[in-house]
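# Report on the structure
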Amino acid sequence: MSVQYVEGDFLTGGGNYSIVVGRFNSFVVESLLEGAIDTLKRHGVEAGNIRVIRVPGAFEIPLAVQKVAAQKKDDAIIALGAVIRGGTPHFEYVSGESSKGVSQVSLDYSVPVANGILTVNSIEQAIERSGTKAGNKGAEAALSALEMVSLLRQLEG
């Protein structure tokens, strides 16, 4: 008897996706959003099956993700935002709570929630991760969502 491997792919396409986006640091976040939408469309998701929900900032993302998950309309949810370290401990609170919140929603509702919330030390790092040297973390979050949808379909079927 051989080992059975189960893993998702990016080929299945289709499905419904919501993207919850924090407006704070929009100069970075809009590039993340563009990357996520482009990636979903390139992998077969119709534009009409992508919904964008905007919230004030990263701290508000988990509540919106929770409300979206409760509707049970989406195959996956993508959370996008940017928290940039400043001179106060505010960074730790916002980054920690937003990350913990989106993870908890995924477990509570059994829906993939891809965490594309940047937590960086500087504006330069944020720019690098939103489409320049370090790639586009919004696109990477969309790929993660697609792969998890594919994986869960295999595990359910």
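In what follows, the accompanying structure is described. Treat the numbers as computed from the prediction; the structure is a model and nothing was measured.

### Topic: the overall build of the chain
Each helix and strand counted, the chain has five helices and four strands in total. Counting helices and strands in the order they occur from the N terminus, the chain gives β-α-β-α-β-α-β-α-α. Taking 15 Å as the expected radius of gyration for a compact globule of 157 residues, we find that the chain reaches 16 Å, a close match to that expectation. Its C-alpha atoms give the chain principal-axis dimensions of roughly 55 × 40 × 30 Å. Burial statistics for the chain: of 157 residues in total, 42% are counted as buried. Within the chain, the 17 negative side-chain charges are centred at a point lying 5 Å from the centre of the 14 positive side-chain charges.

### A word on the pairing of strand β4 (residues 113-120)
Of all eight residues in β4, six are buried; the element is thus mostly enclosed. Taken together, the eight bridges between strand β3 (residues 76-84) and β4 define a ladder with parallel strand orientation. Its bridge partner lying in β4, Ala82 is registered against Leu118.

The rules behind these values
Once a new chain begins, its residue numbering starts again from 1 and follows that chain's sequence as written. Note on the predicted model: pLDDT of at least 70 is required for a residue's local features to be given, and 80 or more for side-chain atom pairs to be given and counted; whole-chain, interface and lining totals, by contrast, use all residues. Only heavy atoms go into the side-chain values, all of them from the structure, while hydrogens and water stay out. Helix and strand labels come from DSSP, where a helix needs a run of H or I of at least four residues and a strand needs a run of E of at least two; each type is numbered from the N terminus. For a compact globule the rule gives 2.2 Å times the number of residues to the power 0.38, and the radius of gyration it is set against comes from C-alpha atoms. Each residue is assigned to one of three classes by its accessible area relative to the maximum for its type, calculated with a 1.4 Å probe on protein chains only: buried under 20%, partly exposed between the two thresholds, exposed over 50%. This count recognises Lys and Arg as positive and Asp and Glu as negative, with His and chain-terminal groups excluded. The atom standing in for a charge is NZ when the residue is Lys, CZ when it is Arg, CG when it is Asp and CD when it is Glu. The pairing criterion is simple: DSSP has to find at least two bridges between the two strands.

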